[in-house]
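Chains, contacts and geometry: an overview
The residues making up each chain are set out below.
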Amino acid sequence: MGKRLLSLLMASAALGGFAEAKTVIHVMHQGDPGWVATYGDVAKRFEAANPDVDIELIYAPHDAYNEKFSAAVMARQMPDIMELDAPFLANYVWSGYLQPIKPLIDQDVLDDMTESNIAQGTYPVDKDLYAVGLTDSSVVLYGNRKYLEAIGARIPKGVDDAWTREEFEGYLEKLSKLDGVKWPIDTFRGYGIKTEWITYAYGPILQSAGCDLIDRTTWKSVGTLDSDACVDAMTMMQTWVKNGWVVPQSSGTNQFFAEGHPAALAMGGHWFYAEAAASMKDDVVVMPLPKFGPKGASPNGTWIWGITTASAHPDIAGKFISFMLKDKQFRDYARDDSAYPGLKSFAADSPLYDAGGPMAVAFEQASKTAVARPPHPAYPIITSAFMGAVDEIFNGGDVKAALTAAAEKIDEDIDENDGYPPFDEQP
């Protein structure tokens, strides 16, 4: 009996030693169920090729991702790999959470990155790369061909041919009177005011109108976010809401290709195309965002992958990211989800974005009109303050007062952090 117990204990110890011999890489991510399943499948394929490694996936809800990461920091349980929304990169690097990624990623992946992908993963202070992704992103103006033809709307051929503000508002007015159209445009207010969508999609309207969320030289928001140009742009959007032209938040996140197609236009992300095309077929028209002022502007930046300073195995973490970005099944899923290419080889495999392809205008915006969200450590407060102002404005509040309050909140945070050195150093 004693020998048998001893044998069992020895067997247990051997099994325990075997389990401990594996290197565990913790990967924190977000995503809808399809993407979550895809990450799980990639992890299994990597583990099969690297039997001494366990990939442990940690899911965090999209809308609470930053909060969950902050909790992990406080608990000293940072993952090895984290997915992060590109505009938050400066904050994470400044806070000491991310390490330079170039030495850890396969060179063929680095050489494959598009300029916009490099830009979204670069920290502006040291110009080093801290994150990499398969994709980038954009927002375009989707239209229902049937409705646009009914009002005689001009269909832009490309970015240089985008509608002007006058044309756009004229078409909204005409669409508001057209049979079958309940709302001229869906700006996806249904995503809610706590998601990054508001700053991501509406910020370029300010930039097109000739202003911005913050002055990117002095890093002061007062005098910029509440400037006449920004007040005019947000008053314009408030007027669309007051006129009943914009799908209300209570109507959810899609009234463009929903049954009956009650919204004639949609200011939607690139990811929106696959479902819209499946529902509407040839009635979907993809156009550049309008010029609301002297120049065109569009957003970029999406969820990308970084390696934390807490990782005990950054080389293996880099190996997993490189594997994932080259994995065929992973790319196939991304392509079928109309993902926006951030690697040149992925662009070549994505006919949607080729010249003449249905989403070619989105890829054209990347090189001609894309404006990154402010790459500053104060970005979390910049975006939350702006989102609050937009909510107040869309609910009928005073535009100038709402923007000034947001600008003051941003400047106060920067002052409280002594300018977030070295961002306080004037060029």
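Under an unreviewed UniProt entry, the name given to the protein chain is ABC transporter substrate-binding protein, and the organism recorded is Sinorhizobium alkalisoli. In the Sequence similarities (unreviewed entry) part of its UniProt record, the protein chain is described as follows: "Belongs to the bacterial solute-binding protein 1 family."

Let's shift gears to the domain arrangement of the protein chain. Accessible area lost during the coming together of the parts is what is often quoted as the interface size. Domain annotation of the protein chain identifies domain 1 (23–136 + 301–353) and domain 2 (139–300 + 375–417). The distance between the C-alpha centroids of domain 1 and domain 2 comes to 28 Å. Across the boundary between the two partners, domain 1 contributes 18 residues, which contact 14 residues of domain 2. Taking both partners together, domain 1 and domain 2 bury about 1,400 Å²; carbon and sulfur atoms supply 63% of that area.

Let us look at helix α17 (residues 399–416). Between the first and last C-alpha of α17 there are 26 Å, a value that for 18 residues agrees with the 26 Å anticipated at 1.5 Å per step. Of the positions making up α17, those classed as buried are V399, A402, L403, T404, A406, A407, I410, D411, D413 and I414. Check the buried side of α17 and you find it contacts α10 (228–242) and α16 (379–394). The N-cap of α17, judged by a side-chain oxygen 3.3 Å from the amide nitrogen of K400 a few residues on, is D398. A positive backbone phi angle near 55 degrees is found at D418, which sits one or two residues after α17.

The buried fraction of strand β3 (residues 81–85) amounts to five of the five residues, a majority that puts the element mostly inside the structure. In β3, alternate side chains face the same way, and those of I81, E83 and D85 on one face and M82 and L84 on the other are all buried. Pairing between strand β1 (residues 23–29) and β3: two bridges, direction parallel. Across the sheet, V27 pairs through a bridge with I81, a residue of β3.

Procedures and definitions
Residues numbered from 1 in each chain as written. Predicted model: local features only at pLDDT ≥ 70, side-chain atom pairs only at ≥ 80, totals over all residues. Heavy atoms only, no water. UniProt positions renumbered as here; feature names shortened; annotations may be inferred. Domains from an automatic or database assignment. Contact = heavy atoms within 4.5 Å. Buried area = accessible area lost by both parts, 1.4 Å probe. Helix = DSSP H or I, 4+ residues; strand = E, 2+ residues; numbered from the N terminus. Expected span 1.5 Å × (residues − 1). Buried < 20%, exposed > 50% of the residue type's maximum accessible area, 1.4 Å probe, protein only. Polar contact = N/O pair within 3.5 Å; in protein donor to acceptor, adjacent residues only side chain to side chain. Pairing = 2+ DSSP bridges.

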